[in-house]
Amino acid sequence: MGVTAVLMLPLLLLGISGLLFIYQEVSRLWSKSVVQNKVVVITDAISGLGKECARVFHTGGARLVLCGKNWERLQSLYDALISVADPSKTFTPKLVLLDLSDISCVQDVAKEVLDCYGCVDILINNASVKVKGPAHKISLELDKKIMDANYFGPIILTKALLPTMISRRTGQIVLVNNIQGKLGIPFRTAYAASKHAALGFFDCLRAEVEEYDVVVSTVSPTFIRSYHVDPGQGNWEASIWKFFFRKLTYGAHPVDVAEEVMRTVRRKKQEVFLANPIPKAAVYVRTLFPELFFAVVACGVKEKLSVPEEG
């Protein structure tokens with residue numbers, strides 16, 4: 001019996017690995033069929049996540065409209081996409097210059113987006129501007145800029161494109177948000193406020209447009225880190241706050257988030273929280289035991305202020 005059990009274990013693991021591989025391949029092919037020929041608009045396509053979303057949806061056969069505020073970087077992304085894709089299975093991306101922080105021009109740019117194909121099937125609101133600092137040192141002008149880029153810009157674009165989805169009774173809007181739409185982190189008051197506002201808007205919108213078969217999805221990672229930044233090997237045991245903060249800070253890779261966005265579109269999921277167990281636990285603690293959460297965060301602020309920053 002012992003020898004048989006030893007021999008069965010590798011076979012069992014091999015079988016499970018094979019099933020997982022088959023599942024992943026079927027999911028990948030299914031994802032392509034779901035977005036094939038669909039008009040997909042991606043804002044801030046020149047960011048790390050924007051590029052990965054463009055790659056995933058372009059490979060899937062979507063008709064892309066890529067938006068960004070730098071034409072040279074948009075052109076570079078365009079060249080990268082068409083250089084590796086099969087032209088017989090993909091569409092040439094359309095490029096649109098768009099700066100969501102300049103809310104005065106968003107309405108006109110939305111018309112330009114609609115002129116590309118006449119409709120929009122999937123809108124991926126990806127653009128985001130971050131700022132860090134004590135609340136009393138952040139100017140009102142900067143607060144307003146953050147709200148324009150992270151809240152007013154996306155909702156103006158969404159409102160402009162939404163009527164075509166409602167009239168066609170089909171469409172999906174994806175908001176790439178952040179954990180700070182769920183809870184507030186010290187020294188990020190303006191950013192957290194904009195993310196709370198955006199999440200609140202799209203949560204309400206979800207219920208309003210359900211009767212028109214328009215799906216509203218939110219994807220909230222912790223942070224979307226750069227391609228080559230990995231968590232350091234610091235002394236995590238030095239304090240609970242440092243351990244929590246490291247887990248919160250070093251978020252998901254752009255490739256992982258882009259693939260999750262594709263799964264969200266395919267499955268029409270309403271809400272996705274992309275995080276490891278520590279931030280997820282923090283959200284539940286914030287909801288169920290708010291005083292404990294506030295106490296831990298306050299301790300972290302006191303500790304941060306008492307230790308001079310290196311450099």
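One can find the structure itself at the top, above this paragraph.
What comes next concerns the included structure. (Residues numbered from 1 in each chain as written. Predicted model: local features only at pLDDT ≥ 70, side-chain atom pairs only at ≥ 80, totals over all residues. Heavy atoms only, no water.)

**Side note on the overall build of the protein**
Secondary structure assignment for the protein yields 10 helices and seven strands. Put simply, the protein has 311 residues, and 42% of those count as buried. Partitioning the contacts of the protein with sequence separation of at least 6, the portion at a separation of at least 24 is 74%. (Helix = DSSP H or I, 4+ residues; strand = E, 2+ residues; numbered from the N terminus. Buried < 20%, exposed > 50% of the residue type's maximum accessible area, 1.4 Å probe, protein only. Contact = heavy atoms within 4.5 Å.)

**Describing the packing of aromatic side chains**
The final tally for this structure, using the stated rule, is four aromatic pairs. Ring geometry for Tyr151 versus Phe152: centroids 4.9 Å apart, planes at 70 degrees, classification edge-to-face. Each ring, one from Phe293 and one from Phe294, has its centre 6.0 Å from the other, and the planes form 70 degrees; the classification is edge-to-face. The buried category is assigned to Phe293, whose relative accessible area is 6%. (Phe/Tyr/Trp six-rings, centres within 6.5 Å; stacked < 30°, edge-to-face > 60°.)

**Comments concerning the nonpolar core**
Most often, soluble globular proteins have nonpolar side chains that are buried together. Judged by nonpolar contacts, the single largest core of 32 residues is most densely connected at Val113, Val120, Leu123, Leu157, Leu161, Phe202 and Leu205. Those elements giving two or more residues to this core turn out to be β1 (39–42), β2 (63–68), α4 (106–117), α5 (140–168), β5 (171–176), α6 (189–209) and β6 (214–221). Sort the elements by how many residues they give to this core and α5 lands first, with seven residues. Those residues in contact with Leu157, other than ones at most four positions away along the chain, are Thr43, Leu98, Leu100, Val106, Ala110, Leu123 and Asn125. By size, the runner-up hydrophobic cluster in this structure holds 31 residues, among which are Leu49, Phe57, Val176 and Val272. (Core = buried A, V, L, I, M, F, W, Y, C linked by side-chain atoms within 4.5 Å.)

**Regarding unusual backbone geometry**
You will see that Asp44, though not glycine, has its phi angle at about 50 degrees, which is positive. When you line up the elements, Asp44 lands in the loop between β1 and α2 (48–59). For Asp44, a relative accessible area of 21% gives the class partly exposed. Located in the positive-phi region is Arg169, a residue other than glycine, with phi close to 55 degrees. Mapped onto the fold, Arg169 is located in the loop between α5 and β5. We classify Arg169 as partly exposed; its relative accessible area is 43%.

**Things to note about helix α3 (residues 71–84)**
Because each turn of an α-helix spans 3.6 residues, side chains separated by three or four positions in sequence point in the same direction. Counted at 1.5 Å a residue, the expected span for α3 with its 14 residues is 20 Å, and the 21 Å between its end C-alpha atoms agrees. Within α3, the full set of buried residues consists of Leu74, Leu77, Tyr78 and Leu81. Viewed end-on, α3 has its buried residues packed into an arc of 105 degrees, placing them on one side of the element. Exposed side of α3, more than 90 degrees from the buried face: Glu72, Ser83 and Val84 are the residues found there. Residues of α3 that are buried make contact with α2, β2 and β3 (94–97). (Expected span 1.5 Å × (residues − 1). Arc of directions from axis to C-beta.)

**Some details on the side chain of Glu260**
Relative to the helices and strands, Glu260 resides in helix α8 (residues 254–267). Looking at Glu260, its side chain comes within polar contact range of the side chain of Lys269, at 3.0 Å. (Polar contact = N/O pair within 3.5 Å; in protein donor to acceptor, adjacent residues only side chain to side chain.)

Nothing here speaks to function; it is all geometry.
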